[in-house]
Amino acid sequence: MQENKRFNRKTVVNLVVFAILLIASILIVNNNRKNTIDLPVDAFQVKDTASIYKVFIADMKGNSVILTRQSGKWLVNNKYEAHPVRISSMLEVLAKMEIKSPVPETAKENIIKDMAAGSTKVELYLKNKKRPFHVFYVGGPTKDNLGTYMSLAKGNRQPHIIHIPGWYGYLSDGYFFCEEDEWRSKNLFPFKSGEIREVNIQYSTQPDSSFILKINGINNFSLLHYQDGKTFGKASAIRVKSFLYALTELSFVAADKNIKQELKDSLLRATPLVYVEATGKKGNRHWLKLYFKPTGNTTKAELMPGIDKEYFYGLSDSRQGDILLVQTLRLSEILLKPDNFLSEK
């Protein structure tokens, strides 16, 4: 928290200074200068993204986020596991983005003013270093949405149009943003392959179908009745491995921020339709509670009158306090019954 506050104070000062420098640069722009690239095309690029251990992103509104690489994974604000696709996409952009051209002289003054008022600062750090090795500012998209205005913090601060050859689109909103929640992982069971020791699934309306799956070793599994611990029979290794893979890949679509408080309170008090719990080899547990989602304005199909077919509501230890939207199609890969494990169909 103190680190965030320190970064925020420092960033506000830096952004104000940057704004002043950008506006001042208008006075020294040579209006007769030819529209040629005056920096290497890879001036904004970081080819060795594996060397990046911290990314600090801040906007002019005082919002910021810190992404840190720790023990082989990335964390958001040193609290939450980061969304791996978000991280890999950002690193890919950093490795591939190039200068397309300087900003045309006729547009430069307006772009400088726009960036001074609303750019996003990006700082990149090496491992165990307190000072960033690369800093740049990200503005908005070009009119054709095929480029993004950016400026370096040191040296030539003139804005340039940045793109990735062969890509169609701009690089600001989807890769360099400050919303903590959007950087967080949406994985519901954040285990790696081989880390799960036990899974139990409880069906409140079908207790006889509730089961415990124990992973005893390579191709050694126990499939037991949840109620009395008796065995269902020999589980298929192929079926079990497919199930475990689907479980570790299961993610939610979004948190329902528009849910009415009355419905939220009702869900928190209700018995879940399904309860899924996975335990790791180190004793760490993750759980998911599933409930029918009532139909609403966004409902496209009904499972039954008044019940949404495409999504369930979920509560998870990974997102305490949020009501999550979980896709029915993805859930169908894990909400299996004991018979599904006994033979390959």
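This text follows the structure it describes.
This section reports on the structure supplied with the text. (Residues numbered from 1 in each chain as written. Predicted model: local features only at pLDDT ≥ 70, side-chain atom pairs only at ≥ 80, totals over all residues. Heavy atoms only, no water.)

Let's shift gears to the packing of aromatic side chains. Inspection of every chain in the model, using the stated rule, returns seven aromatic pairs. With centroids separated by 6.4 Å and ring planes inclined at 45°, the aromatic side chains of Trp 167 and Tyr 175 adopt a geometry described as tilted. Residue class for Trp 167 comes out partly exposed when judged on its relative accessible area of 30%. Ring geometry for Phe 177 versus Trp 183: centroids 4.4 Å apart, planes at 15°, classification stacked. Comparing Phe 177 with Trp 183, the two get one shared label, buried. An aromatic cluster is present here, built from Phe 44, Phe 136 and Phe 176 joined pairwise through their rings. Seen from the ring of Tyr 80, Arg 184 lies directly overhead, with NZ or CZ sitting 3.6 Å from the centre. (Phe/Tyr/Trp six-rings, centres within 6.5 Å; stacked < 30°, edge-to-face > 60°. Buried < 20%, exposed > 50% of the residue type's maximum accessible area, 1.4 Å probe, protein only. Lys NZ or Arg CZ within 6 Å of the ring centre and 35° of its normal.)

Look at any regular strand and the pattern is simple: side chains alternate between the two faces of the sheet. Burial within strand S15 (residues 274-280) is extensive, with seven of its seven residues counted as buried. Burial of S15 is two-sided: the residues Val 274, Val 276, Ala 278 and Gly 280 facing one way and the residues Tyr 275, Glu 277 and Thr 279 facing the other way are all buried. Relative to S15, strand S10 (residues 196-203) runs antiparallel, the two sharing seven bridges. Bridge pairing in S15 links Asn 200 to Glu 277. Note that S15 and strand S16 (residues 285-294) share six bridges and pair antiparallel. Among the inter-strand pairings, Val 276 is bridged to a residue of S16, identified as Leu 288. (Helix = DSSP H or I, 4+ residues; strand = E, 2+ residues; numbered from the N terminus. Pairing = 2+ DSSP bridges.)

This paragraph deals with the environment of Ser 236. When you line up the elements, Ser 236 lands in the loop between strand S13 (231-233) and helix H5 (237-249). The buried category is assigned to Ser 236, whose relative accessible area is 10%. Taking the C-alpha atoms as reference points, Ser 236 and Leu 223, separated by 13 residues in sequence, lie 9.9 Å from one another.

Okay, the sheet that holds strand S9 (residues 160-163) next. Taken in spatial order, the nine strands make up an open sheet running S4-S3-S2-S1-S6-S7-S8-S9-S5, and their pairing is antiparallel. Bordering the open sheet on either side are strand S4 (80-81) and strand S5 (98-102), each of which pairs with just one other strand. On the sheet, helix H3 (residues 105-118) packs against strand S6 (120-125), strand S7 (134-141) and strand S8 (148-152) and is oriented at approximately 75° with respect to S8. (Contact = heavy atoms within 4.5 Å. Axes fitted to C-alpha atoms, helices over the stretch in contact; angles between N-to-C directions.)

Before going further, it helps to spend a moment on the pattern of salt bridges. Scanning the entire structure with this criterion turns up 11 salt bridges. Between Lys 113 and Glu 109 there is a salt bridge; the shortest N-O distance is 3.4 Å. Of this pair, Lys 113 and Glu 109 both sit in helix H3, four residues apart, which is roughly one turn of the helix. Here Asp 322 makes a salt bridge to Lys 257, at a shortest N to O gap of 3.6 Å. With Asp 322 in the loop between strand S18 (307-316) and strand S19 (324-327) and Lys 257 in the loop between strand S14 (254-255) and helix H6 (261-269), the pair connects residues that are 65 residues apart, well separated along the chain. (Salt bridge = Lys/Arg side-chain N within 4 Å of Asp/Glu carboxyl O.)

Turning next to the side chain of Asp 256. By secondary structure assignment, the location of Asp 256 is in the loop between S14 and H6. The side chain of Asp 256 is buried and forms no salt bridge, while Lys 293, the nearest opposite charge, is found at 5.5 Å. Polar side-chain contacts of Asp 256 include one of 3.0 Å to the backbone nitrogen of Asn 258. Not counting chain neighbours up to four residues away, the residues in contact with Asp 256 comprise Tyr 313, Ile 323 and Leu 325. (Lys, Arg positive; Asp, Glu negative; His and termini not counted. Polar contact = N/O pair within 3.5 Å; in protein donor to acceptor, adjacent residues only side chain to side chain.)

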